[in-house]
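Below are the chains, spelled out letter by letter.
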Amino acid sequence: MNSELLMMQTAADLAAKTGAKAIVSFLSPLEFESGIPVIWVEDLQLDVLKDLTMHDILEVSEKHLNDAAVQIYLAKEFEEGIVVGVFPHALITFDIKDGSSFINVRSFEDIIPRDVMSAVLKVALEISRQGREGRNIGTAFIIGDENKIYTHSYQAIINPYKGQKPEDCNIKNEHNWESIKEFAQLDGVFIVNTEGQIVSAGRYLNINTGTVKLPGGMGGRHLAAAAITTDLPVVGVTVSESGGIVRVFRDGACVLTIRSDIRIR
């Protein structure tokens, strides 16, 4: 039995003993049968772990598993329970409910419904991973009461969503995602209301960003998204043009960061 298969078998035994909901494997996919669902994480380079101490390996592995918990929530809608993470040099049990990033995914319901938030994040992650026409693109979604958002923004171009059928503007409908990705190339932001309707694209935020303090490396799009969440009860979701990072802003702060290089299948 090779080492990776042995790790998977050991993980399956541990998952059975702990009542885990899933096994999350960061190994290369292989033929493996298990009575417990196996989630394979793609596109994550873990070679760096071989040069770390065991303490550092566990710390980095736990961070990766916490990042994967967000993806698990979005794709599988697991809200609680134990998962077993399988890494080249370690097995980790992880309580989804204890993951700070996972909890943050569910902490916007006083502003927007969970299904709307989930749809926006899924679209943002696809834009972050795929870009458009072979190049990376950045964009942002501001979600909340559109009338309040309109008082802090202006339309820079003709609004492509004005006059469209409601079913063609619903971000919860995956059939609309290709057009969203196309319009993501426009300057400005998307405005999404609390029902999940995209009411505007190519809109500019007219907001004072001077009071917002963000870590270095975040540009004007992030500052504007953070600033409007300070003035209004809205949520901002940004896609970085460089780095492939999706960030969520609330109350003037970045409360969630999702790495697009972690994918599950």
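Before reading on, note that the structure itself is shown above.
The rules behind these values
- Residues numbered from 1 in each chain as written.
- Predicted model: local features only at pLDDT ≥ 70, side-chain atom pairs only at ≥ 80, totals over all residues.
- Heavy atoms only, no water.
- Helix = DSSP H or I, 4+ residues; strand = E, 2+ residues; numbered from the N terminus.
- Rg over C-alpha atoms; globule rule 2.2 N^0.38 Å.
- Buried < 20%, exposed > 50% of the residue type's maximum accessible area, 1.4 Å probe, protein only.
- Contact = heavy atoms within 4.5 Å.
- Areas by Shrake-Rupley, 256 points an atom, 1.4 Å probe, with all protein chains shown as cover.
- Lys, Arg positive; Asp, Glu negative; His and termini not counted.
- Charge placed at Lys NZ, Arg CZ, Asp CG, Glu CD.
- Core = buried A, V, L, I, M, F, W, Y, C linked by side-chain atoms within 4.5 Å.
- Polar contact = N/O pair within 3.5 Å; in protein donor to acceptor, adjacent residues only side chain to side chain.
- Phe/Tyr/Trp six-rings, centres within 6.5 Å; stacked < 30°, edge-to-face > 60°.
- Salt bridge = Lys/Arg side-chain N within 4 Å of Asp/Glu carboxyl O.

Caption draft 1: Highlighting the overall build of the protein. The secondary structure content of the protein amounts to 7 helices and 12 strands. In summary, the protein has a C-alpha radius of gyration of 20 Å against a globular reference of 18 Å for 265 residues, a match within 12%. The principal-axis extent of the C-alpha atoms belonging to the protein is close to 60 × 40 × 35 Å. Burial status across the protein gives 49% buried among its 265 residues. Across the protein, the fraction of contacts at a sequence separation of at least 24, relative to all contacts at a separation of at least 6, is 62%. Accessible surface, the protein: about 12600 Å² in total, of which carbon and sulfur atoms supply 47%. On the protein, the mean spot of the 25 positive side-chain charges and the mean spot of the 35 negative ones are 3 Å from each other.

Caption draft 2: Representation of the nonpolar core within the structure. Among the nonpolar cores identified, the biggest contains 35 residues, and Phe141, Ile143, Ile171, Ile180, Val235 and Val237 are the most heavily contacted of them. With 9 residues, the single largest contributor to this core is helix H4 (residues 114-130). Aside from chain neighbours lying at most four places away, what touches valine 237 is Met117, Val120, Leu121, Ala124, Thr139, Ala140, Phe141, Ile143, Val246, Arg247 and Val248. With 18 residues, the next largest nonpolar core counts Ile142, Ile149, Met218 and Ala225 among its residues.

Caption draft 3: Main features of the side chain of asparagine 170. If you trace the backbone, asparagine 170 turns up in the loop between strand S6 (153-155) and helix H6 (177-183). Within polar-contact distance, the side chain of asparagine 170 engages the backbone nitrogen of lysine 172 at 2.8 Å.

Caption draft 4: Spatial organisation of the side chain of asparagine 176. Note that asparagine 176 resides in the loop between S6 and H6. Engagement of the side chain of asparagine 176 in a polar contact is seen with the backbone oxygen of asparagine 170, the distance being 2.9 Å.

Caption draft 5: A look at the packing of aromatic side chains. This model, assessed by the stated rule, comprises 4 aromatic pairs. With centroids separated by 4.8 Å and ring planes inclined at 10°, the aromatic side chains of phenylalanine 141 and phenylalanine 190 adopt a geometry described as stacked. Of this pair, phenylalanine 141 sits in strand S5 (residues 139-143) while phenylalanine 190 sits in strand S7 (residues 189-192), and the two are 49 residues apart along the sequence. Take phenylalanine 141 and phenylalanine 190: they sit in the same class, and that class is buried. Each ring, one from tyrosine 161 and one from phenylalanine 183, has its centre 5.4 Å from the other, and the planes form 70°; the classification is edge-to-face. Separated by 22 residues along the polypeptide, tyrosine 161 in the loop between S6 and H6 and phenylalanine 183 in helix H6 bring together distant segments of the chain.

Caption draft 6: View of the pattern of salt bridges. According to the stated counting rule, one finds 6 salt bridges in the structure shown. For the salt bridge of lysine 181 with glutamate 126, the shortest nitrogen-to-oxygen distance reads 2.5 Å. Taken as a pair, lysine 181 in helix H6 and glutamate 126 in helix H4 lie far apart in primary sequence, 55 residues in all. Taking the relative accessible area as the measure of exposure, lysine 181 reaches 3% and is therefore buried. Across the pair glutamate 178 and lysine 181 runs a salt bridge whose closest N-O atoms are separated by 3.2 Å. Residue glutamate 178 and its partner lysine 181 are located together in helix H6, separated by 3 residues, close to a single helical turn.

These figures capture arrangement, not role.
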